[in-house]
Amino acid sequence: MIYPIVKYPNPILRKKNVLVKHFDDELKTLIQNMFKTMLQADGIGLAAPQIGKNIRLFIVNTKDLLTDTDDFQVFINPVITFTSQETAIDEEGCLSIPKIYTPVKRHVSVIIKAQDVNGKEFVQKADKLLARIIQHEFDHLNGVLFIDKVLALNKKTLEFDLKKRSKDDA
Ligand code: CO
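Residues numbered from 1 in each chain as written. Predicted model: local features only at pLDDT ≥ 70, side-chain atom pairs only at ≥ 80, totals over all residues. Heavy atoms only, no water.

Novice: Describe in detail the overall build of the chain, supporting the description with residues and values.
Specialist: Tallying secondary structure elements over the chain gives three helices and seven strands in all. Seen in sequence order, the chain has helices and strands lined up from the N terminus as α-β-β-β-β-β-β-β-α-α. In summary, the chain has a C-alpha radius of gyration of 16 Å against a globular reference of 15 Å for 170 residues, a match within 12%. Across its three principal axes, the chain shows a C-alpha extent of roughly 45 × 40 × 30 Å. Excluding contacts between residues fewer than 6 apart, the proportion of contacts in the chain whose partners are at least 24 apart in sequence is 64%. Here the chain has roughly 9,600 Å² of accessible surface; of this, 53% comes from carbon and sulfur atoms. (Helix = DSSP H or I, 4+ residues; strand = E, 2+ residues; numbered from the N terminus. Rg over C-alpha atoms; globule rule 2.2 N^0.38 Å. Contact = heavy atoms within 4.5 Å. Areas by Shrake-Rupley, 256 points an atom, 1.4 Å probe, with all protein chains shown as cover.)

Novice: Can you lay out the environment of Asn-10 for me, pointing to particular residues and giving the numbers?
Specialist: Topologically, Asn-10 is positioned in the segment before helix 1 (25–40). Considering only alpha carbons, one finds Asn-10 and Gln-50, 40 residues apart in sequence, at a separation of 9.7 Å. Among the polar contacts made by the side chain of Asn-10, one reaches the main-chain amide nitrogen of Ile-12 at a distance of 2.9 Å. (Polar contact = N/O pair within 3.5 Å; in protein donor to acceptor, adjacent residues only side chain to side chain.)

Novice: Tell me about the pairing of strand 7 (residues 121–127), and name the residues and values.
Specialist: Burial of strand 7 is one-sided: the residues Phe-122, Gln-124 and Ala-126 facing one way are buried, the residues Glu-121, Val-123, Lys-125 and Asp-127 facing the other way are not. Across seven bridges, strand 6 (residues 109–115) lies against strand 7 in antiparallel orientation. Looking at the pairing, Ile-111 lines up with Lys-125 of strand 7. Counting the residues in the hairpin turn of strand 6 and strand 7 gives five residues, including Gly-119, whose phi is positive at 90°. (Buried < 20%, exposed > 50% of the residue type's maximum accessible area, 1.4 Å probe, protein only. Pairing = 2+ DSSP bridges.)

Novice: Explain the side chain of Thr-102 to me, using residue names and the numbers behind them.
Specialist: With respect to the secondary-structure elements, Thr-102 resides in strand 5 (residues 102–107). Leaving out residues up to four positions away in the same chain, Thr-102 has contacts with Asp-90, Glu-91, Glu-92, Phe-146, Val-150 and Asn-154.

Novice: Now, about the pairing of strand 6: what can you tell me, with residues and values included?
Specialist: Taken across its seven residues, strand 6 has five buried, putting it largely inside the fold. Where strand 3 (residues 72–83) and strand 6 come together, five bridges link them in antiparallel fashion. Note on strand 6: the bridge partner recorded for Ile-80 is Ile-112.

Pasting the structure below:
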């Protein structure tokens, strides 16, 4: 099934997300459906709260990013264990905040520890775009959205765009 995507400013996006405890068939189905939802929405990442599930899990579309893995990767109960000092600024968007794109500063590399669909722990190093997506999705698990991280310089434009967007939706 394709889930409807939870849109800003729905409070679900700000709620606490709990650890995944059961690595069962229900979880596998949920992840498959999240993958379908991400593809349908043309996204490169999707976190569980964005489909209304307040659990610590996100997926990344790795089809064009990594050659040695499947089309997507799942990170369950993730912890970022290292962030590079080097940062980079690039434009981001979010399926939960359509039509808004703004530059965000992120670490260039991260190391992330997480569990896979079977509960097996793995550690992965990510750079550049993959590192950016991981940081963006990881933030969702802490109720943080990319618009919270917008550079001071772009704040006014963002506020204007958000206001305009809510008017368009009304
Ligand atoms: Co997002």
